[in-house]
Amino acid sequence: GGGKSKQNDNNNITNNQKSAGTLIPTLLTFLQRCPKDSSEQYLTLLVLNNLSIPMENKCLVALECGAANVLGRMLLEDVGCHLLVIIIVNLTFCDVHVRKSLLLGEGESGGEDEDGEVQLIDCLAYALMLSSITTDQLSTLGPIPLHSPTGTPHTPHQLLSILRSTLATTFPNFIHNNDDHNNISPPLLLSDNENCPFPETARWCLCALKNLTRPGKLSSSSTGSSDSRNSGDAIASRAIIDAGLIPILLRVIRVAKKAASASSDLDASGTRSSSDDLFVGRLPDEICNEGHVVSPNMINMPTWNSNSAQDAALYTLMHMTSISSIRDDLLRKNDGVGGGSLVVDELKNIVDCGLDGVGVGDRLLDVVTGDGLVADVDREDGAAMAVEGAELGWLALQCMKARMSLSFLMNAGALSETYNYSSYILIAEHEAHSLVELLSHCLESRSKEGPGGYSGATFTLKGVLHSIRCLLAVEPGNRSKFASINGARLNALLLKVVARYALLSDEGDSNNSGNDAIDNEAVDDAVVSLYYMSQVGFHESVCMSSHGQSIFLPITFGKKSKSGSNSNSSKSVKNCDGKDIIVKVLTLYVGKIHAASSSKNIGRHAAIQLMLRASLLRFEGEVADLTYLGKRYPSRMDFDFTDELLATADSLLIEKQTEGVRPKPILFGRRQIARYERYGSNKPKVYANPIIAAEDISFSNMSCSNSTIDEIAIANDIASSAEGLPGGESHGYIWKWEDGGRVAIDDVQSEVQEEERNTSHEFFAGADKKSRVEGSNDSSSTSPKHRGLLGKLGNFVSVLDDEPISIFGFRCTAPKCGRNTVVV
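Below is a summary of the structure that appears in this document. (Residues numbered from 1 in each chain as written. Predicted model: local features only at pLDDT ≥ 70, side-chain atom pairs only at ≥ 80, totals over all residues. Heavy atoms only, no water.)

### As for the overall build of the protein chain
- Per the secondary structure count, the protein chain includes 35 helices and nine strands.
- Across the 824 residues of the protein chain, 54% fall into the buried class.
- Total accessible area computed for the protein chain in this model is approximately 34300 Å², and 49% of it derives from carbon and sulfur atoms. (Helix = DSSP H or I, 4+ residues; strand = E, 2+ residues; numbered from the N terminus. Buried < 20%, exposed > 50% of the residue type's maximum accessible area, 1.4 Å probe, protein only. Areas by Shrake-Rupley, 256 points an atom, 1.4 Å probe, with all protein chains shown as cover.)

Written as C-alpha cells, this is what we have:
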C-alpha cells in the first residue's frame, strides 16, 4: 500500500509540473502586459508566488520557464513592487545546484550578460541601492534611463554601473564608507518608512542575497580550494563584492551609540554633520532599560528578528566570510570592496553588545542555558519579562552569527599585524553554549524554535565545525573557555561526528547520517577540534592539579538498565568505555584518511596525538550529566552514541595502542613561554604554554618528517630548556619563561656563540658562576640559562622527571626514545 501511495504522489507531482509548465509562460507573458500597480498585476503575482513555493517547481519556474530573468528585468523598471522580489526569494530558496544555474544562466534565464556579469545579483543590487537612499535623495537623483540613446535596453550590469556612478557623484558618502571612524556613515535603518522609499523591497532583496550566498552542505572550507571558487555561493559572493554592496551591508548591521545632542536628521549627503553626533564601536555601560534590551541611546541594537533586513544582511556576510576565496577581498582596503577593515569592526561591535560589560551577559547566559526569563501572566512584570526574553534570544543569535563570521576572517591570517586576536575572537560564555546547541541541532538537522531560532537548513554542519576549529586554532584561550564551561559537551558532539564518518560511511566517502553530510573536510575539522580540546582535558593526576583542566569525555557511552547494569536483552548493546571508543573511532578514521588523502593530513596528525595521550585524559561522569536542566535540547541522545554506532564500535578489534610520553607537571604550572631565534630576529614569539609551542613546532615539521611526532615529548623538552637545560635550547630555538627575569636576547645569542667556540672554558666558567650566585634570589625557573653544571642538574630534578639522571645532567636514556615515546 505504501509503495502504491508513493507512486501516486510521484504521478501527481509530474502532472502538476506539466500543468505548471504550460501555465507559467502564459502568466509571465500576461504579467509583462499588466499596468503597474493594477489589480491584474497583483493577482498574477500572487499566483506566481504560490507556484514558486513548492520545491519541485523551483527549477521549472526559475530556469525552464525563465521567470528569474523576467522578474529581474521587471524589478529594474518597478523597484517599488516588492512582490517581484518575494517571488525571487522563493525561487532562490532551492537546491544549491539550481542556485548555481540561476547565477550562471543555465536554462533560459540568462544568468550572465555578454560581459560575464551575474544578472540576477545586478538586478537585486540595483533595487537595493535605490531602496536604501532616502526619499529626498531619490527625488534629487531623478529617474535612471533604462535605455541607451539609440533605444537599446540597458543590461542589468549597465544600469547598475550608471546608478553607482550617479550616486557616487551626487551622494559620495553613501557608496563608500569613510575609514575615519569619527566621520562614519550612520546605520541604515531600512524599517524607517518616513526616510526609506521602498523598505520592503530592500528587506526582500537582502533575503534573496542571503539565499544566494547560502553554502551547500558540502561546500569547501579549505583555503585555496578550486571547488570553493566555483561554487554557487562563491559566485554570488564575488558578484556582491563587484556590485559594490559591502558598504550597504555594513551600514545595515551597524550598531552605534547616539549622543545626547544627536539630531535625528541627516544632511543631504546621507551622513551626520558632526562627529559628536554618533559614536561607532563605543557602547554604553548599561544598555537595558525597564525590561527591554533596547535602550533609547542605542542605534540599531542587534535584537533583530528573523527575516528582518539586519538579520538577512548579517547572514549574507556570515555566508561570504565562510568562503575561503572571498575572505581576502572582504579584508582588503580598496575601493573594489569599499568596506575594508570595517567588516571586522562592525562584526565586533555586534558581539560586544552581548558582553557582561554592557549589562546583558548574565541574562544572555540564562536564556541560552535554559534558566532564562519566563513570563508569568500572574506577575505584574510578566509582559516585560517576555519582551526582554525574546529580545535576548534574538541578541544571542546575532552575536553567535557575528562571532562565527569573525572566526572565519581571523583564521584567514590577514589581520595578524593589525588586530589583537584575543579581543576579537575570545568568545563569551553565552556564545560557547550557543555554539554547542547549534552543533547538536545541525547534527540532527533539527530546527530551533522560539526567539533566536532557526530552521534545520539555516546553518550547515560543515560550516559550524569549521567555525569551532577556527575559534580554537586562532585563540588558545577559547580552548580553556570551552573546557571550563562545557568542554565535555562539545567533545562528545565532535566525537559523534567522527564516529559517524569512521564507523558508518564507506571508505573515503561522505556520510549523510542525520540528514547532513560529513565529508573529509568536516571530519578533519572535528578531529582537529578534539585535539585542541585535549590540551585542556588532562587528568589531574597527570598535571598534579585540576587548574585549567576539565572533564574531556564521559566515562561510558550507551544506555544502562534501571539497576545500573547492562540489560540482558539480546538486542541491547553493551556500554562502551569512553577511552576505548575514542581510540577505536580514531584508529578507523586514520585508516580511512590515509587511504583517501596524503599521510601529511593535519587531521591524521591530530588523531595520532589524541591516541598517544588517550590514557592521560580525564574521563568522568555520565552522558546524562551533559544535558541542560530546563532545556529539551541538546538531549541525552544528542551526546550519546546510537545502538548502531555502539554495535559497530564494539565489534572492532584493534591492536593495543602505544602510550605517549607523560607530560611534566611544569607544563601546567607556568603560563607564557617565549621562543627566540638562535640567530637573526630578536623579536620573540610568545605562546600561552609549552604545549601550544610544541603544537606549532610539530605542525611546521609535519611536511618534512615521516616519523610520528609526540608533541608532549617536545613540550617537555621546551619546558626543560626554559628551566635552563640543555643550554636554554630545544628544537633549534632559545626558550625563556615570559614572566621570568629574562636576559637580553643579544646576550643569550652571544653566550651561545661563545659556547660553541670554547666549550671547555664555558663549562668551568659556568660552574664558577654557579658557586658565586648560590645566595642570590633568582629562582631555578627564571634565572639566566648558563648557570653551571650543578644548577642544571638541580633543574632536572625539580621538574620531577622520572628518568635516571647522570652526573653530567643528562638522561641515561635518549630523551626522545623513552620507553613510551614515539621517535621524533
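### Considering the sheet that holds strand β7 (residues 685-687)
- In space, the four strands of this open sheet follow the order β7-β6-β9-β8, with antiparallel pairing throughout. The open sheet has two edge strands, β7 and β8 (729-730), and neither has a second partner.
- Examined bridge by bridge, strand β6 (residues 673-677) and β7 share three bridges and lie antiparallel to one another. Following the sheet pairing, A674 is matched in β7 by V686.
- Here helix α31 (residues 690-701) sits on the sheet and contacts β6, β7 and β9 (733-737); the angle it forms with β7, its principal contact strand, is near 125°. (Pairing = 2+ DSSP bridges. Contact = heavy atoms within 4.5 Å. Axes fitted to C-alpha atoms, helices over the stretch in contact; angles between N-to-C directions.)

### Looking at the pairing of β9
- Among the five residues that make up β9, five are buried, leaving the element largely enclosed by the rest of the structure.
- Burial along β9 is two-sided: the residues Y733, W735 and W737 and I734 and K736 are all buried.
- Of the strand pairs in this sheet, β6 and β9 are connected by five bridges, and their pairing is antiparallel. Bridge pairing in β9 places Y676 opposite I734.
- The sheet contact formed by β8 and β9 spans two bridges and is antiparallel. Bridging from a neighbouring strand, S730 pairs with Y733 of β9.

### Considering the environment of E540
- Along the chain, the position of E540 falls in helix α25 (residues 540-543).
- Residue E540 is classed as partly exposed on the basis of its relative accessible area, which comes to 41%.

### Things to note about the nonpolar core
- One finds L124, L206, I246, F459 and Y589 to be the most contacted residues of the largest nonpolar core, which totals 213 residues.
- With 15 residues, helix α23 (residues 477-504) is the single largest residue contributor to this core.
- Dropping the residues within four chain positions of it, Y589 is found in contact with V498, Y501, A502, V523, D524, V527, N601, G603, R604 and A607. (Core = buried A, V, L, I, M, F, W, Y, C linked by side-chain atoms within 4.5 Å.)

### Overview of helix α14 (residues 246-253)
- The element α14 is extensively covered by neighbouring structure, given that eight of its eight residues are classed as buried.
- Within the sequence span of α14, burial applies to I246, P247, I248, L249, L250, R251, V252 and I253.

### Structural notes on the pattern of salt bridges
- What the rule picks out here adds up to 21 salt bridges.
- R636 is the partner of D640 in a salt bridge, and the nearest nitrogen-oxygen pair spans 2.9 Å.
- Owing to a relative accessible area of 27%, R636 belongs among the partly exposed residues under this scheme. (Salt bridge = Lys/Arg side-chain N within 4 Å of Asp/Glu carboxyl O.)

### Side note on unusual backbone geometry
- Note the cis peptide between Y633 and P634, where omega equals 0°.
- Looking at the element boundaries, P634 is found in the loop between α27 (602-612) and α28 (636-639).
- Backbone geometry places D37, a non-glycine residue, at a positive phi of 60°.
- With respect to the helices and strands, the residue D37 is situated in the loop between α1 (2-33) and α2 (39-51).
- The residue H731 is not glycine, and still its phi comes out positive at about 55°.

### Some remarks on the side chain of K58
- Inspection of the secondary structure puts K58 in helix α3 (residues 58-64).
- Contacts of K58, omitting those with residues within four sequence positions, involve S52, I53, L63, N90, L91, F93 and C94.

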